Amino acid sequence: MKAPVTAHVAVRNDVGLAPYVSQGPALLAGLAEGPSLAAHRGRLGPAPTPSAEELVEMARAVDLRGRGGAGFPFATKLSAAARRKAVVVVNASEGEPASHKDAALITCSPHLVLDGAATVAHALRTREVHIAVPSEFPAIRLVLETALRERSAAGERLKVRLHDAAPRFVAGQAQAVLQLLAGRENLPVTAWQPEAISGHRGRPTLLSNAETFAHVGHLAAVGPRGYAAHGTASEPGTTLVTLRGDGMDPEVREVAYGTPLRDVLNQSEMSRPLLLGGYHGTWLTPAQLSGLRVSRNDIAAAGATLGAGVMLPLAEGWCPLVRTAALVDYLAGQSARRCGPCLNGLPAMAEALRALVHGGGPVRRVEELCGLVVRRGACAHPDGTARLVTSMLQRFPEEVDSHSLGTCRSSREGALV
C-alpha cells in the first residue's frame with residue numbers, strides 16, 4: 001500500500017478506481033471502519049427526515065453549493081424542485097477522466113450519498129430516486145447494489161434505479177443524464193428550462209452530483225453548526241479534490257475551505273503551472289498559486305473556479321501549450337456532435353491550436369475560434385474548452401510567442417496518460 005502523504009490514514013480503493021483516498025474530517029471520516037451500513041449508522045445515526053422548508057433553511061445557513069462544477073446554490077435548486085411529482089437524480093457518472101471524487105465517495109462512503117438522496121426524496125415527498133453510474137467501472141454499480149441491499153434488509157425503503165452512463169466526457173452533463181433516464185442516447189440536448197422546473201419526463205427534477213448529495217446527508221445529520229465546524233465563517237464546510245487525476249499517482253482528498261493551497265500541493269507542484277477545475281478549467285501560474293486558498297472567493301479573484309475539484313499540476317519539463325493542445329484534441333473528439341460549435345468549432349480549434357503549437361501557426365485564428373464557440377452550444381462543452389484555451393493564451397504569453405516563432409525548446413508531448 002502506498003504510504004500516506006498527509007497525517008490522515010491512507011486507504012486504497014478496493015475496487016481499483018480512485019486511487020488513494022485519504023481520510024477526511026467529514027465526508028471521508030471513518031474510512032477505517034469500512035463502508036457498511038452498520039458502521040455508517042454507528043457513526044452518524046439514522047438518516048434525518050427534515051421537511052423541504054427545513055432542508056432549504058439548513059442549506060442556506062451554510063451556503064451549500066453544488067460540487068458538480070457550476071457551484072449553484074443547493075437551496076435555490078431544492079426550492080424550485082419542491083413541487084408535485086418531483087424526481088431525485090444522483091449523478092455519479094463523472095465523465096471527466098481526471099476526476100475520481102464521486103467514485104471515491106461511492107466506494108468508501110456509499111451510505112452517506114444514499115442518506116443525502118433519501119433526505120432530499122423525503123423533503124420532496126417522492127420515493128423515486130435515480131443514480132447514474134459510469135459504465136466503464138462496473139464495480140461502482142456493484143458497490144451501490146450491495147449498499148441498497150443492506151438498507152433494504154434494515155427496513156429502509158427507497159425506490160432506487162441505477163443507470164449506466166456512457167464512457168464519454170459529456171455523458172455527465174445534466175441534460176445528457178436526463179436523456180439516459182428516458183432511454184435515449186446519453187448525450188446533451190438543448191434545454192429550455194432548468195431541470196428543477198422541467199426535468200425527467202417533464203417533472204421537477206433535483207439533479208446533483210454524488211458529492212453534493214453526500215454534503216446534504218452530512219448536513220442533515222450534524223446540522224448547520226456541526227457542518228460549519230470545518231471551513232471558514234464565509235465558506236463553511238469541506239470539498240473533495242482530485243490531485244493528479246490523469247497521472248500515475250492520483251489521489252482524492254477532503255479539504256476544508258480556507259486551507260492554503262500549499263497544504264494541498266507539494267512544494268514542487270506549487271512551483272509549476274496548475275490546471276484548476278479539470279479539462280474545462282483554467283491555467284494558473286506559480287505566482288498566482290502563492291498565497292491562494294481553497295476558497296471559491298479567492299479562486300474567483302484569481303480568475304478561475306474550483307469547478308469539479310480537479311487539480312492538475314503541470315508535469316516537470318512539460319510545455320503548457322503542448323499539454324493544452326493534447327487536451328483540446330481529446331475534448332474535440334468527445335463532443336456530442338449535435339450543434340455547430342461542437343461539430344465544427346471544436347475540431348477547428350484543435351487544428352488551429354496544433355498549428356500554433358507544432359507549426360508556428362497564427363495565434364489570431366485560435367483566439368477567433370474561442371470567441372465563436374462561446375455561449376452558442378447546446379451544452380457548456382464548447383464554453384469549457386474555450387475557457388481552457390483562453391486561459392492558456394492569457395497565462396503563458398512568452399510560450400505562445402516561442403511557439404509562434406518555432407523556438408519552444410520543450411520536448412514533452414503533454415498527452416493524456
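Please read all numbers here as calculations on a predicted model, not as lab measurements.

Reading guide: rules and limits
- Residues numbered from 1 in each chain as written.
- Predicted model: local features only at pLDDT ≥ 70, side-chain atom pairs only at ≥ 80, totals over all residues.
- Heavy atoms only, no water.
- Phe/Tyr/Trp six-rings, centres within 6.5 Å; stacked < 30°, edge-to-face > 60°.
- Helix = DSSP H or I, 4+ residues; strand = E, 2+ residues; numbered from the N terminus.
- Buried < 20%, exposed > 50% of the residue type's maximum accessible area, 1.4 Å probe, protein only.
- Pairing = 2+ DSSP bridges.
- Expected span 1.5 Å × (residues − 1).
- Salt bridge = Lys/Arg side-chain N within 4 Å of Asp/Glu carboxyl O.
- Axes fitted to C-alpha atoms, helices over the stretch in contact; angles between N-to-C directions.
- Contact = heavy atoms within 4.5 Å.
- Core = buried A, V, L, I, M, F, W, Y, C linked by side-chain atoms within 4.5 Å.
- Patch = residues over 30% accessible without salt bridge, like charges linked within 9 Å, V, L, I, M, F, W, Y side chains within 5 Å.
- Areas by Shrake-Rupley, 256 points an atom, 1.4 Å probe, with all protein chains shown as cover.
- Lys, Arg positive; Asp, Glu negative; His and termini not counted.
- Charge placed at Lys NZ, Arg CZ, Asp CG, Glu CD.
- 1 Å grid on protein atoms, 1.4 Å probe; cavity = no way out; pocket = protein on both sides within 12 Å on 5 of 7 lines; lining within 4 Å.
- Points joined across faces, edges and corners; volume = space filled by probe spheres on them.
- Nonpolar A, V, L, I, M, F, W, Y, C, P; charged D, E, K, R; others polar.

Chemist: Any chance you could break down the packing of aromatic side chains for me, citing the residues and the numbers?
Modeler: For any pair of aromatic rings, the description rests on two quantities: the centre-to-centre distance and the angle between the ring planes. Scanning the entire structure with this criterion turns up 4 aromatic pairs. Here Phe169 and Tyr279 contribute two aromatic rings whose centre-to-centre distance is 6.3 Å and whose plane-to-plane angle is 5 degrees, an arrangement assigned as stacked. Placement of the pair is Phe169 in the loop between strand S5 (159–165) and helix H7 (174–181) and Tyr279 in the loop between strand S9 (274–276) and strand S10 (282–284), with a sequence separation of 110 residues. The same class applies to Phe169 and to Tyr279, which are both buried. On the numbers, 5.7 Å between centres and 75 degrees between planes, the contact of Trp283 with Phe396 is edge-to-face. Taken together, the residues Trp283 in strand S10 and Phe396 in the loop between helix H15 (381–395) and helix H16 (397–405) connect sequence positions 113 residues apart. The class of Trp283 is buried, set by a relative accessible area of 1%. Cluster of aromatic residues (ring-pair linked, three or more members): Phe169, Tyr279 and Tyr330.

Chemist: Give me the lowdown on the pairing of strand S8 (residues 251–256), citing residues and values where you can.
Modeler: Here S8 lies mainly inside the structure; 5 of its 6 residues are buried. In terms of strand pairing, strand S2 (residues 20–22) meets S8 through 2 bridges, oriented parallel. In the strand pairing of S8, Val21 is matched with Val252. Sheet topology note: the strand S7 (residues 238–243)/S8 ladder contains 6 bridges and is antiparallel. Considered in S8, the bridge of Thr238 is made with Ala256.

Chemist: Report on helix H12 (residues 320–333), specifying residues and quantitative values.
Modeler: With 14 residues, H12 should cover 20 Å at 1.5 Å per step; its first-to-last C-alpha distance of 20 Å lies within 8% of that length. Most of H12 is tucked away: 12 of the 14 residues are buried.

Chemist: Requested: an account of the pattern of salt bridges, with residues and values cited.
Modeler: By the definition in use, this model includes 22 salt bridges. Between Arg296 and Asp63 there is a salt bridge whose closest N-O contact spans 3.3 Å. Taken together, the positions of Arg296 in helix H11 (residues 296–301) and Asp63 in the loop between helix H2 (52–61) and helix H3 (74–81) put the pair 233 residues apart, joining distant regions of the chain. Between Arg293 and Asp298 there is a salt bridge whose closest N-O contact spans 2.8 Å. Look at the salt bridges and you will find they share partners, linking Arg41, Asp115, Arg151 and Glu156 into a network.

Chemist: Talk me through the sheet that holds S5; I want residue IDs and the actual numbers.
Modeler: Within the open sheet, the 4 strands sit side by side as S5-S4-S3-S6. Their pairing is parallel. Only two strands of the sheet have a single neighbouring strand rather than two, namely S5 and strand S6 (205–209). Taken over all neighbouring pairs, the strand axes of this sheet differ in orientation by 20 degrees on average, direction set aside. Its contacts with the sheet put helix H6 (residues 138–153) on strand S4 (128–134) and S5, and the angle it makes with S5 is roughly 175 degrees. Of the strands in this sheet, strand S3 (87–91) and S6 are in contact with helix H8 (residues 210–227), which crosses S6 at around 100 degrees.

Chemist: So what's going on with the nonpolar core? Residues and values would help.
Modeler: With 50 residues, the main nonpolar core has Val120 and Ile131 as its most contacted residues. Those elements giving two or more residues to this core turn out to be H2, H3, S3, helix H4 (101–108), helix H5 (110–123), S4, H6 and H8. Counting residues per element, this core draws most heavily on H5, which supplies 7 residues. Val120 has contacts with Leu55, Phe74, Leu78, Val88, Leu206, Phe213 and Val216, leaving out every residue within four places of it along the chain.

Chemist: Provide a residue-level description of a positive patch on the surface, including the pertinent values.
Modeler: Positive charge collects at one region of the surface, where Lys159, Arg161, Arg184 and Arg201 lie side by side. Residue position: Lys159 is located in strand S5.

Chemist: Got a sec to walk through the layout of surface pockets? Specific residues and values, please.
Modeler: Its volume calculated, the largest pocket comes out at about 1400 Å³. Together, 49 residues line the largest pocket, and Gly68, Gly69, Ala70, Gln173 and Ala174 are the ones closest to its centre. Contributing elements (two or more residues each) for the lining of the largest pocket: H3, H4, H7, S6 and H15. If one sorts the elements of the lining of the largest pocket by residue count, H3 sits on top with 4 residues. Along its surface, the second largest pocket is lined by 18 residues, and Ala118, Arg151, Glu156, Arg157 and Leu158 are the ones closest to its centre. Of all the secondary-structure elements, those providing two or more residues to the lining of the second largest pocket are H5 and H6. Top contributing element to the lining of the second largest pocket by residue count: H5, with 4 residues. Residues of the lining of the second largest pocket, tallied by class, amount to 8 nonpolar, 5 polar and 5 charged.

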